[in-house]
Amino acid sequence: CVVIFFLQVLNEKKLQEVDSLWKEFETPEKANKIVKLKHFEKFQDTTEALAASTALVEGKLSKNLKKILKKIVARDAHEQLAVADAKLGGVIKEKLNLSCIHSPMVTELMRGIRSQIEGLITGLPSREMAAMCLGLAHSLSRYKLKFSPDKVDTMIIQAISLLDDLDKELNNYIMRCREWYGWHFPELGKIITDNLTYCKCVRKVGDRSNFASSDVSDILPEEIEEDVKAAAEISMGTEVSEEDINNIIHLCDQVIEISEYRTQLYDYLKNRMMAIAPNLTVMVGELVGARLIAHAGSLLNLAKHPASTVQLLGAEKALFRALKTKRDTPKFGLIYHASLVGQSNTKNKGKISRMLAAKTALTIRYDALGENTSAEMGAENRLKVETRLRLLEERGIRRISGTGKALAKTDKYQNKSEIKVFDPSGDSTLPVVSKKRKIQEVDEQDTEVAVKAKKFKAEMKEGTAVADGEPVKKKKKKKDKEKQAEEEEVLSEELPTSPITEVR
């Protein structure tokens, strides 16, 4: 049994003292002196009570409440109605023209009424009241969970988390299986590189001695099958017991089962992402999109993030480390694993990730807040990013023309082959002298060279004489020699022919 009731205030003077109002509701007797029961209405079932409670929580006016308020307006139109929700009071005043009041006094009054509800409403046992409140609370919680916008996001978050956990477990199991069986047949690991094929082959054959008589053509190609059989005959592995082989086969069964479940889980996640966030899935893929949703907590929370935050989601530690050490901040986070970023060069990854994050933020908001469930917007934005990537890769240049933007036209490249002949003049290191040289210039150069050579020889002789300790004899010129010869001839003619006597 669920009910709705109205109470009338008896003593309004005591309501003015808000701080001491709680004292008037300490006992049921004091509470009955402040308020009394005015109207009592019972719901037909829990469903009707749930609809009325949901409307009150959302600030709406239910049908039952509207009927009751019309009766009260007809009787007591001059009275004021105290409401705990200002939004609901505005709706009542607009539709029924009934004066409503909402203040801190009303909040304290509602708190006192709740504390003494059993004494104010007679005829309802406390056990039934507790059961009624519990049943209504459970119904209201189920309703909120059923119509919660985040409930489907939870499925995606759980699925992507489980997918990551399965990948980690598969890697551990496969590594253990290869290492374990490698002691018995180490050559098999180098021949078969695929992990799932390796486990299927080990599970089917078991001991390496069975490879010669086993048919594994449904698992391996013919060439690899022949290599495996040839390696099994000359294997360097140790012998193991049958119990060891059984445990290894059991481990292979676990690997195969987990791999099959992972494939099924991936298909489930892909379908769920296309149903909830189709545009986001088209832009970055289902795995990256699911990781972005899981990192943000829900699709609605992700839609509140700006494009710069979407670009760096998953790289928070690197971002704060870079800000602390005053280094370059990261350019991408989880969005790095998107296919468009992976296709670009290292130089263009930052530009593409920034543009992709901007377009992805738009698609996220469209998926979270839009009513249309088509993926057309995501396809258009992806095409724009691909066009931009192509321009960056091809180094396309845009120019502004009179009619708008147009691609710059470039001439077609034509390869012109030219036959070059070896020039032997480049081998000589001597200076090149012009052939058209006058005879006078040649004579002057020769005389200059001869004079320089004579000076150099004279300097060399002087240097040798000084080194031997002999005085340096200066050379006289031809004119000086001729004058000296003439003077000697004159002296010889003037002197007498008689012998020379010595005078003392």
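What counts and what doesn't
Residues numbered from 1 in each chain as written. Predicted model: local features only at pLDDT ≥ 70, side-chain atom pairs only at ≥ 80, totals over all residues. Heavy atoms only, no water. Helix = DSSP H or I, 4+ residues; strand = E, 2+ residues; numbered from the N terminus. Buried < 20%, exposed > 50% of the residue type's maximum accessible area, 1.4 Å probe, protein only. Contact = heavy atoms within 4.5 Å. Areas by Shrake-Rupley, 256 points an atom, 1.4 Å probe, with all protein chains shown as cover. Core = buried A, V, L, I, M, F, W, Y, C linked by side-chain atoms within 4.5 Å. Domains from an automatic or database assignment. Expected span 1.5 Å × (residues − 1). Phe/Tyr/Trp six-rings, centres within 6.5 Å; stacked < 30°, edge-to-face > 60°. Arc of directions from axis to C-beta. Salt bridge = Lys/Arg side-chain N within 4 Å of Asp/Glu carboxyl O. pLDDT = per-residue confidence, 0-100. Patch = residues over 30% accessible without salt bridge, like charges linked within 9 Å, V, L, I, M, F, W, Y side chains within 5 Å. Lys, Arg positive; Asp, Glu negative; His and termini not counted. Charge placed at Lys NZ, Arg CZ, Asp CG, Glu CD. Axes fitted to C-alpha atoms, helices over the stretch in contact; angles between N-to-C directions. Parallel < 35°, antiparallel > 145°, perpendicular 65-115°, else oblique. Nonpolar A, V, L, I, M, F, W, Y, C, P; charged D, E, K, R; others polar.

*Asks:* Which residues make up the overall build of the protein, and what are the values?
*Replies:* Assigned secondary structure in the protein consists of 22 helices and six strands. When the 504 residues of the protein are sorted by exposure, 29% land in the buried category. Residue pairs at least 24 apart in sequence account for 62% of intrachain contacts in the protein once pairs closer than 6 positions are excluded. Looking at the protein as shown, the accessible area adds up to about 36,000 Å², and 53% of this sits on carbon and sulfur atoms.

*Asks:* Tell me about the side chain of Glu225, and please be specific about residues and values.
*Replies:* As for its position among the elements, Glu225 is in helix α11 (residues 222-233). A residue is classified by how much of its surface remains accessible, and Glu225, at 9% relative accessible area, is buried. Leave out the neighbours within four places in its chain, and Glu225 touches Ser214, Asp215, Val216, Ser217 and Leu220.

*Asks:* Describe in detail the nonpolar core, supporting the description with residues and values.
*Replies:* Counting residues in each nonpolar core, the largest one holds 60 residues, and the members touching the most others are Tyr181, Leu188 and Phe211. Element by element, the count of residues in this core is highest for helix α12 (residues 242-276), at 11 residues. For this core, the domains that each give at least three residues are domain 2 (165-260) and domain 3 (277-394). Contacts of Tyr181, omitting those with residues within four sequence positions, involve Leu188, Tyr198, Val202, Gly206, Asp207, Arg208, Phe211, Ile245 and Ile248.

*Asks:* Outline helix α19 (residues 349-369), supporting the account with residue identities and numerical values.
*Replies:* Spanning 21 residues, α19 covers 30 Å between terminal C-alpha atoms, matching the ideal 30 Å at 1.5 Å per step. Among all positions in α19, only Lys349, Gly350, Ile352, Ser353, Leu356, Ala357, Lys359, Thr360, Ala361, Thr363, Ile364 and Asp367 are buried. Buried residues in α19 make contact with α12, α13 (278-284), α15 (299-304), α16 (307-312), α18 (339-343) and α20 (376-394).

*Asks:* So what's going on with the packing of aromatic side chains? Which residues, and what values?
*Replies:* Counting across every chain of the model gives three aromatic pairs. Ring plane angle 85° and centroid distance 6.5 Å describe the contact between Tyr181 and Tyr198, whose orientation is recorded as edge-to-face. Pair noted here: Tyr181 is in helix α8 (residues 151-182) and Tyr198 is in helix α10 (residues 195-205), with a separation of 17 residues, a long-range link. For Tyr181, a relative accessible area of 0% corresponds to the buried category.

*Asks:* Would you mind going over helix α5 (residues 104-115) in detail, with residue names and values included?
*Replies:* With 12 residues, α5 extends 17 Å between its outermost C-alpha atoms, agreeing within 8% with the 16 Å of an ideal straight helix rising 1.5 Å per residue. If you check which residues of α5 are buried, you get Met105, Val106, Leu109, Gly112 and Ile113. On an axial view of α5, the arc spanned by its buried residues comes to 120°, and they lie on one face. Turned more than 90 degrees away from the buried face of α5 sit Pro104 and Arg114, all of them exposed.

*Asks:* Run through the pattern of salt bridges, naming residues and quoting values.
*Replies:* Taken as a whole and judged by the stated rule, the model has 10 salt bridges. Glu386 is the partner of Arg382 in a salt bridge, and the nearest nitrogen-oxygen pair spans 3.3 Å. Of this pair, Arg382 and Glu386 are both found in helix α20, four residues apart, which corresponds to roughly one turn of the helix. The class for Glu386 is partly exposed, based on a relative accessible area of 26%.

*Asks:* Could you give an account of the confidence of the model for the protein, naming the residues involved and the relevant values?
*Replies:* In this model, the protein carries an average pLDDT of 79, and 76% of its residues clear a pLDDT of 70 or more. Throughout residues 396-402 the model reports pLDDT below 50, and contacts reaching past four residues in sequence, or to other chains, amount to 14 contacts. Below pLDDT 50 for its whole length, residues 470-476 participates in five contacts with residues either more than four positions away or in separate chains.

*Asks:* I'd like a rundown of a positive patch on the surface, residues and numbers included.
*Replies:* A contiguous patch of positive charge on the surface is contributed by Lys331, Lys347, Lys351, Arg354, Arg388 and Arg395. Among the secondary structure elements, Lys331 is positioned in the loop between α17 (316-325) and α18.

*Asks:* So what's going on with unusual backbone geometry? Residues and values would help.
*Replies:* Positioned with a positive phi, Lys326 is a non-glycine residue whose angle comes to about 60°. Within the secondary structure, Lys326 is located in the loop between α17 and α18. Look at Lys326 and you get exposed, because its relative accessible area is 78%.

*Asks:* An account of the packing of α12 against helix α14 (residues 286-296) is requested, with residue identities and associated values reported.
*Replies:* Working note: a packed helix pair is described by the angle between its axes plus the distance between those axes. With their axes 10 Å apart at the nearest point, α12 and α14 run at an angle of 75° to one another. As far as their axial angle goes, α14 and α12 are roughly perpendicular. Between α12, through Tyr266, Leu269, Lys270 and Met273, and α14, the contact on the second element is made entirely by Glu286, Leu287, Gly289, Ala290 and Ile293. Residue classes in the contact of α12 with α14 are distributed as six nonpolar, one polar and two charged.

*Asks:* A description of a negative patch on the surface should follow, citing residues and the corresponding values.
*Replies:* Among the surface-exposed residues, Glu222, Glu223, Glu226 and Asp227 lie close enough to one another that they form a single negatively charged patch. Locating Glu223 in the fold gives a position in helix α11. Judged by its relative accessible area of 64%, Glu223 is exposed.

*Asks:* Would you mind going over the packing of α19 against α20 in detail, with residue names and values included?
*Replies:* The geometry of α19 relative to α20 is characterised by a closest axis approach of 10 Å and an angle of 175° between their N-to-C directions. With respect to α20, the axis of α19 lies roughly antiparallel. Judged by residue contacts, Lys351, Ile352, Met355, Leu356, Lys359, Leu362, Thr363 and Tyr366 of α19 engage Met377, Gly378, Asn381, Lys384, Val385, Arg388, Leu389 and Leu392 from α20. Along the lines of polarity and charge, the residues of the contact of α19 with α20 split into nine nonpolar, three polar and four charged.

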